[in-house]
Amino acid sequence: QQQVKQSPQSLIVQKGGISIINCAYENTAFDYFPWYQQFPGKGPALLIAIRPDVSEKKEGRFTISFNKSAKQFSLHIMDSQPGDSATYFCAASSEGNQFYFGTGTSLTVIP
Amino acid sequence: DTAVSQTPKYLVTQMGNDKSIKCEQNLGHDTMYWYKQDSKKFLKIMFSYNNKELIINETVPNRFSPKSPDKAHLNLHINSLELGDSAVYFCASSQGWLSYEQYFGPGTRLTVT
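All residue numbers refer to positions counted from 1 along the written sequence of the respective chain. Chain letters start at A and ligand numbers start at 1, both assigned in the order the entries are written. Only residues with pLDDT of at least 70 get local features here, since the model is predicted, and only at 80 or more are side-chain atom pairs given and counted; chain-wide, interface and lining totals rely on the full set of residues. Neither water nor hydrogens contribute to the side-chain values; these are computed over all heavy atoms in the structure.

Digging into the overall build of chain A
Move 1: Secondary structure counts use DSSP, requiring at least four H or I residues in a row for a helix and at least two E residues in a row for a strand, with both numbered from the N terminus. Helix and strand content of chain A: zero helices and eleven strands.
Move 2: What you see in chain A, going N to C, is helices and strands ordered as β-β-β-β-β-β-β-β-β-β-β.
Move 3: The globule rule used for comparison is 2.2 Å times the number of residues to the exponent 0.38, while the radius of gyration itself is calculated over C-alpha atoms. In terms of overall size, chain A behaves like a compact globule, its C-alpha atoms giving a radius of gyration of 13 Å where 111 residues would be expected to give roughly 13 Å.
Move 4: Of all intrachain contacts in chain A linking residues separated by at least 6 positions in sequence, the fraction that spans at least 24 positions is 52%.
Move 5: Only the protein chains shown count as cover for residues, with accessible areas throughout obtained via the Shrake-Rupley method and a probe of 1.4 Å. When the accessible surface of chain A is totalled, it reaches about 5,200 Å², and 49% of it is carbon and sulfur.
Move 6: Positive charges come from Lys and Arg, negative ones from Asp and Glu, while His and the chain ends are left out of the count. Every charge is mapped onto a representative atom, which is NZ of Lys, CZ of Arg, CG of Asp or CD of Glu. Averaging the positions of the 9 positive and the 8 negative side-chain charges in chain A gives two centres separated by 4 Å. When checking whether two residues touch, look at their non-hydrogen atoms; a contact exists if any pair is within 4.5 Å.

Structure below.
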């Protein structure tokens, strides 16, 4: 059973546009929601993360929006750049132990 | 300096063989993990070790056996390789068992023919 559902599977955005990737979860015990960025041939790298006690977290051009009641969270990439082209994974964890990953979104930013 | 390193980066072998993948972290972390990423890029945890002790052992065939000689190393040995074992295997580490931030290695692409 997929603990974290992620959409869309792939996304094409023009340079300068906003990229939005969505995730949903069911387990209310999850208390940590990270996003990972993975370039081809590399391991996932932590991009930004949020706890459920806040509704939004922003780091540079990357923002996580969190809706606890809907059990959804999303990644917004503002002013998307070709260098942002990568696969993005959302994840969820309870107390920092086992992590459950979404199925990934392949983002392509067109110059 | 590479924080989490894996060897080899690529591994091509035939069905039935036994192979090992090595992982080392120089971050001083206590917890290490093995993940499997399939052809659809789905990432799933296989094992987790904390201070050389097995913490998580997901539903993984017995042919897979992790070994942690010390806190900085977590190796993965696979017996009797099958076609379905073809995937990218990632090692990761975190500061402690309840530490949220995980650092991933570059991955080992295993191809079983």
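Brief notes about the packing of aromatic side chains
All names here are of chain A.
Move 1: Only Phe, Tyr and Trp rings take part, Trp by its six-membered ring, and two of them pair if their centres are within 6.5 Å. Stacked means planes under 30 degrees apart, edge-to-face means over 60, and tilted covers everything else. For the structure on display, the rule yields 19 aromatic pairs over all chains.
Move 2: Measuring from centroid to centroid gives 6.2 Å for Y25 and F66, while their planes differ by 20 degrees, and the two rings are stacked. Residue Y25 is located in strand β3 (residues 19-25), and its partner F66 is located in strand β7 (residues 62-67); the two are separated by 41 residues in the primary sequence. Grouping residues by exposure puts Y25 and F66 together as buried. Summary of the burial criterion: residues with accessible area below 20% of their type's maximum are buried, those above 50% are exposed, and those between are partly exposed, where the area comes from a 1.4 Å probe applied to protein chains only.

Looking at a nonpolar patch on the surface
Move 1: Distance thresholds for patches are 9 Å for like charges and 5 Å for nonpolar side chains (Val, Leu, Ile, Met, Phe, Trp, Tyr), applied to residues having over 30% relative accessible area and no salt bridge. Criterion for a salt bridge: a side-chain nitrogen of Lys or Arg within 4 Å of a carboxyl oxygen of Asp or Glu. The grouping of I18, I20 and M78 of chain A at the surface amounts to a nonpolar patch, some 230 Å² of accessible area in total.
Move 2: Of the residues examined, I18 of chain A reaches a relative accessible area of 45% and is grouped as partly exposed.

Digging into the sheet that holds strand β8 (residues 72-77) of chain A
Residue and element names in this part refer to chain A.
Move 1: In short, DSSP must find at least two bridges between two strands for them to pair. Pairing is antiparallel in the open sheet, where five strands are placed in the order β1-β3-β8-β7-β6. Every other strand in the sheet has two partners, leaving β1 (4-7) and β6 (56-59) as the edge strands with one partner each. For this sheet the average axis-to-axis angle between neighbouring strands, irrespective of direction, equals 15 degrees.
Move 2: As defined by bridge partners, β6 adjoins β7 across four bridges and the pair is classed as antiparallel. Looking at the pairing, K58 lines up with T63 of β7. Only the stretch in contact is used when fitting a helix axis, every axis being a line fitted to C-alpha atoms; angles between N-to-C directions are given from 0 to 180 degrees.

Observations concerning the pattern of salt bridges
Move 1: Taken as a whole and assessed by the stated rule, the structure comprises six salt bridges over all chains.
Move 2: Note that D84 of chain A and R61 of chain A form a salt bridge whose closest N and O atoms lie 2.8 Å from each other. Taken as a pair, D84 of chain A in the loop between β8 and β9 (86-93) and R61 of chain A in the loop between β6 and β7 lie far apart in primary sequence, 23 residues in all.
Move 3: Its relative accessible area of 27% is what places R61 of chain A among the partly exposed residues.
Move 4: The partner of R63 of chain B in a salt bridge is D85 of chain B, with the nearest N and O atoms 2.8 Å apart. Here the residue R63 of chain B occupies a position in the loop between β6 (53-57) and β7 (64-70), and D85 of chain B occupies one in the loop between β8 (73-78) and β9 (87-94), the gap between them amounting to 22 residues. The burial state of R63 of chain B is the same as that of D85 of chain B; both residues are buried.
Move 5: In the salt-bridge network here, residues are joined through shared partners; they are R63, E82 and D85 of chain B.

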